[in-house]
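# Structural overview
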Amino acid sequence: VQLQAFGGGLVQAGGSLRLSCAASGRTFSAYDMGWFRQVPGKEREFVAAIRRYGSTTYYLDSVKGRFAISRDNAKNTVYLQMNSLKPEDTAVYHCAAGSGLIISSYGRAASYDYWGQGTQVTVSS
C-alpha cells in the first residue's frame, strides 16, 4: 500500500492542525493505521493508532486529550486532528499501515509494514 501524508505546517502554540494520510494500492480497511513522529537525532515516536474499522484507538500519553485519530475507509484516509499544540510537538509526522497488530505492538514502529513520506509540523512558542 502507498501512503501519502500531508497537512503539516507552521502554527503557533495553542493552535491546531489536521494531518491526513491517503492510502492507495490495497484494501485500506484491511490495515491498522498509526501516526509516528520523529525529530533529528531521535528515534521515531509513536503518537496514535487506530484499528481497521476505527473501533479502538491508542495514544501517546502526552497527546491524550489534545490529539484525535480517525479514519474514513470509504475515502482510504486516516486523519490526525491536533489541538492545543505545543512546541514539543514539533516533528516530522509519518503515517504507517500494519496488519495483524496486537495490543502490545501498536506503539512499535517495527510492527508496521508501510510508511508515508512524512509531513513537517512546526509549533512556535
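Look above for the structure.
Once a new chain begins, its residue numbering starts again from 1 and follows that chain's sequence as written. It should be noted that, the model being predicted, local features are given only for residues of pLDDT at least 70 and side-chain atom pairs only at 80 or more, the latter also being counted only at that level, while totals for whole chains, interfaces and linings use all residues. Side-chain metrics rest on all non-hydrogen atoms present in the structure, leaving aside hydrogens and water.

## A closer look at the state of the cysteines
Inclusion rule: Note on terminology: pairs of cysteine sulfur atoms within 2.5 Å are recorded as disulfides. Secondary structure is summarised from DSSP: a helix means a run of H or I of at least four residues, a strand means a run of E of at least two, and numbering begins at the N terminus for each. Each residue gets one of three labels from its accessible area relative to the maximum for its type: buried under 20%, exposed over 50%, partly exposed in between, using a 1.4 Å probe on protein chains only.
Applying the stated criterion across every chain yields a total of 1 disulfide. Two residues share a disulfide in this structure: C21 and C95, whose sulfurs sit 2.1 Å from each other. With the S-S dihedral at roughly 60 degrees, the linkage between C21 and C95 falls on the right-handed side. Taken as a pair, C21 in strand β3 (residues 17-24) and C95 in strand β9 (residues 91-98) lie far apart in primary sequence, 74 residues in all. When its relative accessible area of 0% is taken as the criterion, C21 is described as buried.

## Overview of the side chain of R66
Selection rule: Throughout, a residue-residue contact means that at least one pair of heavy atoms, one from each residue, lies within 4.5 Å.
Among the secondary structure elements, R66 is positioned in the loop between β6 (57-59) and β7 (67-72). For R66, a relative accessible area of 10% translates into the label buried. Apart from residues lying up to four places away in sequence, R66 is in contact with Q81, M82, N83, S84, L85, K86 and D89.

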